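# Examining the three-dimensional arrangement
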Amino acid sequence: MNDSDSDEAIYKIGDLAAEFGVTLRTLRFYEDRGLLTPKRSGVTRLFTKRDRARLKLILLGKRVGFSLTEVKRMIDLYDPRGKNVTQLKVALEKGEMQMRVLEEQRDSLNVAISELERTVKTVRDMLANGA
């Protein structure tokens, strides 16, 4: 939705919720946590392109396992007038650490899946042999 008084794209809460597949409650929660800062027109929340971009980053961060606190810290380092070297360095460091965590989890899951596959095969064999 575009606001006719401005070149800035404006989104209502329902627009963002539908686009990103989240609930209105989720967006209000992110607002309460200071992650999103919509403007108000009466009781209507109006989100900007900045809020939309922040929401995209919040959801990405959550999807890869970051806490909301970590996501907020990284997003809050953004400086629209700068090169954001600090933000990029922090994001890289945290991203690399999280990658290691996820790889360890994947390895553990692969081991668990292999063990379960062997167990299921054994049980099937036992049933096939009239256990």
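Calculation rules
- Residue numbering note: each chain is counted from 1, following its sequence as written.
- Owing to the predicted nature of the model, reporting of local features is limited to residues with pLDDT of at least 70; listing and counting of side-chain atom pairs is limited to 80 or more, with chain, interface and lining totals taken over all residues.
- Only hydrogens and water are removed before side-chain values are computed, so all heavy atoms of the structure are retained for them.
- A pair is scored as a salt bridge if a Lys or Arg side-chain nitrogen falls within 4 Å of a carboxyl oxygen belonging to Asp or Glu.
- Only protein chains enter the accessibility calculation, which uses a 1.4 Å probe; a residue is then buried when its area is under 20% of its type maximum, exposed when over 50%, and partly exposed in between.
- Working definition: helices are DSSP H or I runs of at least four residues, strands are E runs of at least two. Numbering for both runs from the N terminus.
- Buriedness of a pocket was judged along seven lines, with at least five required to meet protein on both sides within 12 Å; pockets are open sets of points on a 1 Å grid over the protein atoms alone, cavities are sets where a 1.4 Å probe fits but cannot get out, and lining residues have an atom within 4 Å of a point.
- Grid points are joined across faces, edges and corners, and a volume is the space filled by probe spheres set on the points.
- Three categories are distinguished: nonpolar for Ala, Val, Leu, Ile, Met, Phe, Trp, Tyr, Cys and Pro, charged for Asp, Glu, Lys and Arg, and polar for the others, with Gly belonging to the last.
- For every element, the axis is a line fit to its C-alpha atoms; helices are fit only across the contacting stretch, and the angle between N-to-C directions ranges from 0 to 180 degrees.
- A crossing counts as left-handed when the near helix is turned anticlockwise from the far one by less than a right angle, and as right-handed when that turn is clockwise.
- Contacts are assigned to residue pairs that have any heavy atoms within 4.5 Å of one another.
- Paired strands, in this sense, are two strands between which DSSP finds at least two bridges.

Let us now look at the pattern of salt bridges. Here the structure, examined in full by the defined rule, presents six salt bridges. Across the pair E31 and R40 runs a salt bridge, and its minimum N-O distance is 3.1 Å. Its relative accessible area of 17% is what places E31 among the buried residues. Its relative accessible area of 46% is what places R40 among the partly exposed residues. For the salt bridge of D125 with K121, the shortest nitrogen-to-oxygen distance reads 2.8 Å. Taken together, the residues span about one helical turn, with D125 and K121 both in helix α5 (residues 85–128) at a distance of four residues. On the basis of relative accessible area, D125 is assigned to the partly exposed category, the value being 33%. Each member of the salt-bridge network shares a partner with another, and the members are E31, R40 and R45.

A word on the layout of surface pockets. The volume enclosed by the largest pocket comes to roughly 320 Å³. Along the walls of the largest pocket sit 14 residues, with L57, L60, F66, M74 and A91 positioned nearest its centre. Of all elements in the fold, only α3 (49–63), α4 (68–76) and α5 reach the threshold of two or more residues within the lining of the largest pocket. Top element by residues in the lining of the largest pocket is α5. It accounts for six residues. Its residues assigned to classes, the lining of the largest pocket comprises ten nonpolar, four polar and no charged. Lining the second largest pocket we find R50, A53, R54, L57, I75, Y78 and Q87. Residues belonging to the lining of the second largest pocket are distributed by class as follows: four nonpolar, one polar and two charged.

Moving on, we get to the packing of helix α1 (residues 13–20) against α3. Between α1 and α3, the shortest axis-to-axis distance is 12 Å and the interhelical angle comes to 35 degrees. When you trace α1 past α3, the crossing you get is right-handed. Residue-level inspection shows L16, E19 and F20 of α1 in contact with α3, the latter providing R52, L55, K56 and L59. Considering only residue class, the contact of α1 with α3 consists of four nonpolar, no polar and three charged.

In this fold, R50 is placed in helix α3. With relative accessibility at 47%, the residue R50 sits in the partly exposed group. C-alpha separation for the pair R50 and E19, spaced 31 residues apart in sequence, amounts to 15 Å. Every residue in contact with R50, bar those within four places of it in the chain, is listed here: E8 and T37.

Time to look at the pairing of strand β3 (residues 44–48). Note: strand β1 (residues 10–12) against β3, three bridges, orientation antiparallel. The partner of K12 across the bridge, within β3, is L46. Sheet topology places strand β2 (residues 39–41) next to β3; three bridges connect them, and they run antiparallel. In the sheet register, R40 faces β3, and the bridge partner there is R45. Where β2 hands over to β3, the hairpin turn is made up of two residues, of which G42 adopts a positive phi near 70 degrees.

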